[in-house]
Amino acid sequence: MKDFNDFPKVVELQLHNLCNSNCIICPYSSINETKGFMPIELFKKIIDECSKHSIERIIPYLNNEPFLDMEYISKLQYIRKKMPKVEIEVSTNVSVLDEEKIRDLEMVGITELRLSVFGFFEETHKKMMPGISYKRVMKNLMLISSYFRDSSCLVSITMIDNGKINDKEFKAMEKMAQD
């Protein structure tokens, strides 16, 4: 008979509800009238509680761009300090990263990095994610590649097939990711 614990093995939490990309596939703009951040005391209380249990994975983002929180890296570091063996999954639209944040992110030792890039070609990217800079995203993808190349972190690119992206574009993104 399997022993069940009332505490979850995977915890996903929303640290704030800000996003900058205005993706056409996301209902974000219509559901988030109030903007704000989780108080740091509440964040630490949740992480401290999780550290007392056998958490396997923690996902400190939900429907947002986590790096709009200027303290996001320090929050990831807090998670890692409290739970050295926990899997940490991060997702980003890549737009507000810079070399320092990418380096610091790699140093935290996250387990999985999901990159939401809804368009490999500039025209498509601008239609799909009109709030962010295509050039900055592509520059940051190259930086991520250089910092995470030898990392044990699983890095993946998420593209959404909403009928506006052709197969040629998916193949070009796939080739870039493999290279």
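The shown structure was predicted, so the numbers you read here are calculated from the model rather than taken from an experiment.

1. Things to note about helix H4 (residues 99-108)
For an α-helix, 3.6 residues make a turn, and residues three or four places apart therefore share a direction.
And step 1. Buried within H4 are the following residues: Lys101, Ile102, Leu105 and Val108. Along the axis of H4, the buried residues cluster in a sector spanning 120°; they form a single face.
And step 2. The N-capping residue of H4, defined by a side-chain oxygen 3.2 Å from the backbone nitrogen of Glu100, is Asp98.
And step 3. Of the residues flanking the end of H4, it is Gly109, one or two places downstream, whose phi is positive at about 80°.

2. Focus: the pattern of salt bridges
A side chain with one charge may pair with a side chain of the opposite charge, provided their charged atoms come close.
And step 1. Summed over the entire model, instances satisfying the criterion amount to 11 salt bridges.
And step 2. Through salt bridges with shared partners, a single network forms among Arg57, Glu87, Glu89, Glu112 and Arg114.

3. Details of the nonpolar core
And step 1. Membership of the largest hydrophobic core comes to 49 residues, with the highest contact counts inside it found for Ile58, Leu76, Ile79, Ile110 and Leu113.
And step 2. Those elements that provide at least two residues to this core are helix H2 (40-50), strand S2 (57-59), helix H3 (72-82), strand S3 (87-92), H4, strand S4 (112-116), helix H6 (134-148) and helix H7 (167-178).
And step 3. Here the element with the most residues in this core is H6; it accounts for 7 residues.
And step 4. With residues up to four places along the chain from it excluded, the contact list for Ile110 reads Arg80, Ile88, Val90, Leu105, Phe148 and Cys153.

4. Regarding the pairing of S3
And step 1. Along S3, 5 of the 6 residues are buried, which leaves the element largely enclosed by surrounding structure.
And step 2. Here 2 bridges tie S2 to S3, and the two strands are oriented parallel to one another. Looking across to S3, one finds that Ile58 is bridged to Ile88.
And step 3. Once the chain exits S2 it traverses H3 before rejoining the sheet at S3, and the crossover so formed is right-handed.
And step 4. Strand direction decides the pairing type here: S3 and S4, joined by 4 bridges, are parallel. Across the sheet, Thr92 pairs through a bridge with Leu115, a residue of S4.

5. With respect to the sheet that holds S2
And step 1. Taken in spatial order, the 5 strands of this open sheet run S1-S2-S3-S4-S5, and their pairing is parallel. At either margin of the open sheet sits one strand with a lone partner, and together these are strand S1 (10-12) and strand S5 (154-158). For this sheet, the mean angle separating the axes of adjacent strands, direction not counted, is 15°.

6. Re the packing of aromatic side chains
And step 1. All told, the structure shown has 3 aromatic pairs when counted by the stated rule.
And step 2. Judged by centre distance (5.9 Å) and plane angle (55°), the ring pair of Phe43 and Tyr78 falls under tilted. Within this pair, whereas Phe43 is found in helix H2, its partner Tyr78 is found in helix H3, the two being separated by 35 residues in sequence.
And step 3. With relative accessibility at 17%, the residue Tyr78 sits in the buried group.
And step 4. Ring geometry for Phe67 versus Tyr72: centroids 5.0 Å apart, planes at 80°, classification edge-to-face. Comparing Phe67 with Tyr72, the two get one shared label, buried.
And step 5. Cation over ring: Lys75 sits above Phe43, and NZ or CZ is 5.9 Å from the ring centre.

What counts and how
- Residues numbered from 1 in each chain as written.
- Predicted model: local features only at pLDDT ≥ 70, side-chain atom pairs only at ≥ 80, totals over all residues.
- Heavy atoms only, no water.
- Buried < 20%, exposed > 50% of the residue type's maximum accessible area, 1.4 Å probe, protein only.
- Helix = DSSP H or I, 4+ residues; strand = E, 2+ residues; numbered from the N terminus.
- Arc of directions from axis to C-beta.
- Polar contact = N/O pair within 3.5 Å; in protein donor to acceptor, adjacent residues only side chain to side chain.
- Salt bridge = Lys/Arg side-chain N within 4 Å of Asp/Glu carboxyl O.
- Core = buried A, V, L, I, M, F, W, Y, C linked by side-chain atoms within 4.5 Å.
- Contact = heavy atoms within 4.5 Å.
- Pairing = 2+ DSSP bridges.
- Right-handed = clockwise from strand over helix to strand, strands pointing away.
- Axes fitted to C-alpha atoms, helices over the stretch in contact; angles between N-to-C directions.
- Phe/Tyr/Trp six-rings, centres within 6.5 Å; stacked < 30°, edge-to-face > 60°.
- Lys NZ or Arg CZ within 6 Å of the ring centre and 35° of its normal.

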